[in-house]
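One letter stands for each residue in the lines below.
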Amino acid sequence: MNAQLSPALSNDELDAFWMPFTANRQFKAKPRLLARAQGMHYWTDDGREVLDGVAGLWCVNAGHARREITEAVTKQLGTMEFAPTFQMGHPIAFELANRLTQIAPPGMDRVFFTNSGSESVDTALKIAIAYHRARGAGQRTRLIGREKGYHGVGFGGMSVGGMVNNRKTFGASMLPGVDHLQHTLDIEHNAFTRGLPQWGAHLANELERLIALHDASTIAAVIVEPISGSAGVILPPAGYLKRLREICDRHEILLIFDEVITGFGRVGKAFASQAFDVTPDLMTTAKGLTNGSIPMGAVFAQRKIYDAFMQGPENSIELFHGYTYSAHPVACAAALATLDIYAKEGLLTRAAALAGEWEAAVHSLRGLPHVIDVRNYGLIGAVELEPRAGKPGARAFDVFLKCFERGVMVRQTGDVIAMSPPLIIEPKQIARIVETLGSVIRDTA
Ligand SMILES: Cc1ncc(COP(=O)(O)O)c(C=O)c1O
């Protein structure tokens, strides 16, 4: 018998919380409540152990309930729970920015703090536009995103994003002057590729077409996820990101990598840009920055971008942008403790060591009923299922539910099951995730 970990909620008590990205009525009819977490596991409110195959939501890279983070947060709350960073400062904000530059891609040694991935994206887009203005190219305001991209839910991120359900309701309210590259998912050419697909680098050439259409002089930045997560784990074809970089350079367009999920060790290096050897001008992060413990995001900028703003009278504010909680002291403490754990336990590179085993495990699902693709990189995996006729997403949702019932948490997006376990995962837990998923797929019509 499992012990009840928290009092069961009545139906009425479930009403008030309007849940994000959730089918509220369906959920509230049969809730899935998590009450405790430790290491690789969650426990449900009724005391069932669940192996975490998704690091919460791609954020708990060092595993759950890390004592070092709890202690750092507790200490900071007792020392100074809040301090503003508008025309004031506090030491650990500077300490954190310096620490982050030590693991950042080359030259990215300026850091702007936010509270989430969405805020990081909107911040980066604003910095890109303001950068061009600061260097006398104020007509460069156009932003280029990509189909199936996910860049959070702010108006900026939504506009450059390319997930139809997130956009369609808000059509007329999108940012003007945004265009999109074609996405790089091509099951026909690349199904069951291990690691990066070899086909598709030429898809980056579409940027040339958009430049010819709009003229480079109107374009501020291109933003892409090095690996798209939310649309179902879409990998960049080998050479694709390098080609985007070359085209941007040729036309003085900034390249922004949204590393909200790929950052902090997920792909075997601190950041995907290092794994793929392509350095952007701006990089957005969040999630793993604090191991998911306290909301925080960070935008990394190349020095040249920051320097472009540092002109005019010294008493003038260079960028009219920021959040009350930018570099919140408690979040800074959580992030510093997180970085310590990553360094001490070698977690920023652990995914590289486990990648072979992970790849073999997830690709063992090939050949199961309805499996039409398997994709992987670092400690990211995805299994794409054939949709049920007329019911997109329904089969994968059933698989997600059954996995949860059998004690493994995976993530469903459309007809894709995505996995991104904490980077502390052990081989036997990899096996458990994949065996459970496999048995559920076999049992799901
Ligand atoms: C690539 C990417 N960008 C931005 C975001 C938005 O982050 P948040 O939900 O913290 O606003 C996400 C969230 O999953 C993401 O995957």
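Here the structure is shown first, and the text comes after it.
About the thresholds
- The residue numbering used here restarts from 1 in each chain and proceeds along that chain's sequence as written.
- Reporting of local features is limited, given that this is a predicted model, to residues whose pLDDT is at least 70; pairs of side-chain atoms are given and counted only at 80 or more, and all residues count toward the totals for whole chains, interfaces and linings.
- No hydrogens and no water enter the side-chain calculation; it runs on all heavy atoms of the structure.
- Strands are labelled as partners when DSSP assigns at least two bridges between them.
- To qualify as a helix, a DSSP run of H or I must reach at least 4 residues; to qualify as a strand, a run of E must reach at least 2; elements of each kind are numbered from the N terminus.
- Angles shown run from 0 to 180 degrees and are taken between the N-to-C directions of axes, each axis being a line fitted to C-alpha atoms and, for helices, limited to the stretch in contact.
- For this analysis, residues touch if any pair of their heavy atoms sits within 4.5 Å.
- Only protein atoms enter the 1 Å grid, on which a cavity is a set of points fitting a 1.4 Å probe that cannot get out and a pocket is an open set with protein on both sides within 12 Å along at least 5 of 7 lines, lining residues being those with an atom within 4 Å of a point.
- Grid points are joined across faces, edges and corners, and a volume is the space filled by probe spheres set on the points.

This part covers the sheet that holds strand β13 (residues 408-409). The sheet built from four strands is open, its strands ordered β1-β2-β3-β13 with mixed pairing. Looking at which strands have only one partner, the edges of the open sheet turn out to be β1 (34-38) and β13. The pairing of β1 with strand β2 (residues 41-44) spans four bridges and is classified as antiparallel. Opposite Q38, over in β2, you have H41 as the bridge partner.

The next subject is the sheet that holds strand β7 (residues 219-224). Where strands meet in a sheet, backbone hydrogen bonds hold them as pairs that are either parallel or antiparallel. In spatial order, the strands read β4-β10-β9-β8-β7-β5-β6; together these seven strands make up an open sheet with mixed pairing. Bordering the open sheet on either side are β4 (110-114) and β6 (178-181), each of which pairs with just one other strand. Pairs of neighbouring strands in the sheet enclose a mean axial angle of 20°, with direction left out of account. In this sheet, strand β9 (residues 282-285) lies alongside strand β8 (residues 254-258) in parallel orientation, the contact comprising three bridges. Among the inter-strand pairings, F257 is bridged to a residue of β9, identified as M283. Helix α9 (residues 206-214) rests against β5 (142-146), β6 and β7 of the sheet, and its axis sits at about 155° to β6.

Looking now at empty space enclosed by the protein. With the rule as written, the count across this model stands at two cavities of 30 Å³ or more. Size it by volume and the largest cavity reaches roughly 110 Å³. Around the largest cavity sit 14 residues that line it, and L185, N190, P197, D373 and R375 are the ones nearest its centre. When contributions to the lining of the largest cavity are tallied by element, the ones reaching two or more residues are α8 (187-190) and β11 (371-377). The dominant element in the lining of the largest cavity, judged by the number of residues it contributes, is β11, at three residues.

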